[in-house]
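Each chain is listed here by its residues.
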Amino acid sequence: MRLGINIDHVATIREARGGLEPDPVTAAHIAEFAGAEAIVCHLREDRRHINDRDVRLLRETVKTKLDLEMAATEEIISIALDIIPDLVTLVPEKRQELTTESGLDIIGNRKTLQTAIQRFHKKDIPVSLFLDPVDEYIRLAHEIDADFIEIHTGEYANARTIQEASEQLEKIRHGAELARSLDLGVNAGHGLNYANIKPIARITEIEEVSIGHAIISRAVFTGLERAVRDMADLLIRYSNNDDISAPED
Ligand code: PXP
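Quick caveat: nothing in here was measured; it's all calculated off a predicted structure.

With that settled, the discussion passes to the overall build of the chain. Counting its secondary structure elements, the chain contains eleven helices and eight strands. Here the C-alpha atoms of the chain give a radius of gyration of 18 Å, agreeing with the 18 Å that 2.2 N^0.38 yields for 249 residues. Considering only C-alpha atoms, the chain reaches an extent of 65 × 40 × 30 Å along its principal axes. Counting the 249 residues in the chain, one finds 49% classified as buried. Here the contacts in the chain between residues at least 6 apart in sequence split such that 67% fall between residues at least 24 apart. Here the chain has roughly 12100 Å² of accessible surface; of this, 49% comes from carbon and sulfur atoms. Across the chain, 29 positive and 45 negative side-chain charges occur, with their mean positions spaced 3 Å apart.

Given below as structure tokens:
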């Protein structure tokens with residue numbers, strides 16, 4: 001399972017003072033040195049963190065894979081068609097929200113999403129749709145020719161009981177299996193952290209996780225390189241089942 005690092009929060013700190021530091025582009029490079037296999041950023045309509053200059057420089061300098069998260073609005077679509085990210089992830093966007101709150105309303109926005117996918121495909125840009133793990137949504141993503149889905153893991157991450165977490169996990173697992181059976185690639189993200197990543201890392205259908213807040217938060221205390229390495233190590237250990245101790249002789 002690949003580790004994608006979302007660097008929006010580095011830009012949020014920069015914007016707190018409106019200057020040049022800390023630079024999310026530098027963060028992307030450090031994350032790559034430390035083992036990140038994709039860099040994720042969200043160019044929001046209100047430019048509250050990542051801005052146009054960041055996306056341009058990231059496109060020029062990211063050596064792994066640039067995943068641009070965005071709403072399917074005309075302005076941002078034109079920027080993406082110009083930049084040509086390695087992957088576009090379409091997400092819903094509300095101005096008042098602190099972070100993306102849910103998966104896409106793929107039923108209500110079917111036409112808009114389908115048209116956006118067609119425009120990206122004309123430039124050979126693969127498209128992922130950020131979705132709650134609901135069968136109907138996943139089948140529709142396949143019908144409108146998405147290449148990937150990113151399963152919204154927020155409900156799992158916010159679960160308040162073990163029972164609730166395992167129910168949400170089951171939905172994620174089932175959604176990932178269904179998507180793979182339809183030949184969709186599967187990513188996952190939102191609210192994932194060092195404590196809740198273990199069962200997610202064991203879902204073999206998930207190709208990539210996108211993690212931001214937990215890693216940037218840990219980086220405040222340990223440095224970014226260490227924070228990325230810690231998560232990359234966990235992904236390797238858990239996905240290989242290395243944490244299961246051998247039975248005693
Ligand atoms: N995936 C998507 C689609 C997101 O919108 C976000 C938040 O920017 C993430 C993943 C990462 O979430 P978190 O910051 O909680 O790790």
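Next comes the rest of the account.
Next up on the list: the packing of helix α10 (residues 213-222) against helix α11 (residues 224-239). Their axes nearest at 7 Å, the elements α10 and α11 cross at an angle of 130°. Taken together, the axes of α10 and α11 are oblique relative to one another. The two elements α10 and α11 meet at a crossing, and its hand is right-handed. Judged by residue contacts, Ile 215, Ile 216, Arg 218, Ala 219 and Thr 222 of α10 engage Leu 224, Arg 226, Ala 227, Val 228, Asp 230 and Met 231 from α11.

Bringing the side chain of Asp 8 into the picture now. Residue placement: Asp 8 occurs in helix α1 (residues 8-17). Among the polar contacts listed, one links the side chain of Asp 8 to the backbone nitrogen of His 42, at a separation of 2.9 Å. Among residues more than four places away in sequence, those in contact with Asp 8 are Val 40, Cys 41, His 42, His 49 and Ile 50.

The space that makes up the largest pocket amounts to roughly 580 Å³. Elements with a minimum of two residues in the lining of the largest pocket: α1, β8 (208-211) and α10. Of all the elements, α1 adds the most residues to the lining of the largest pocket, at three residues. Residue composition of the lining of the largest pocket, by class: six nonpolar, 15 polar and five charged. For the second largest pocket, the calculated volume is near 190 Å³. In this structure, the second largest pocket is lined by Val 10, Ile 13, Pro 22, Asp 23, Thr 26, Ala 27, Ile 30, Ile 216, Ala 219, Val 220 and Leu 224. Looking at the lining of the second largest pocket, the elements that each hand over two or more residues are α1, α2 (24-33) and α10.

About the criteria used
Residues numbered from 1 in each chain as written. Predicted model: local features only at pLDDT ≥ 70, side-chain atom pairs only at ≥ 80, totals over all residues. Heavy atoms only, no water. Helix = DSSP H or I, 4+ residues; strand = E, 2+ residues; numbered from the N terminus. Rg over C-alpha atoms; globule rule 2.2 N^0.38 Å. Buried < 20%, exposed > 50% of the residue type's maximum accessible area, 1.4 Å probe, protein only. Contact = heavy atoms within 4.5 Å. Areas by Shrake-Rupley, 256 points an atom, 1.4 Å probe, with all protein chains shown as cover. Lys, Arg positive; Asp, Glu negative; His and termini not counted. Charge placed at Lys NZ, Arg CZ, Asp CG, Glu CD. Axes fitted to C-alpha atoms, helices over the stretch in contact; angles between N-to-C directions. Parallel < 35°, antiparallel > 145°, perpendicular 65-115°, else oblique. Left-handed = near helix turned anticlockwise from the far one by under 90°. Polar contact = N/O pair within 3.5 Å; in protein donor to acceptor, adjacent residues only side chain to side chain. 1 Å grid on protein atoms, 1.4 Å probe; cavity = no way out; pocket = protein on both sides within 12 Å on 5 of 7 lines; lining within 4 Å. Points joined across faces, edges and corners; volume = space filled by probe spheres on them. Nonpolar A, V, L, I, M, F, W, Y, C, P; charged D, E, K, R; others polar.

Read these as geometric descriptors, not functional statements.
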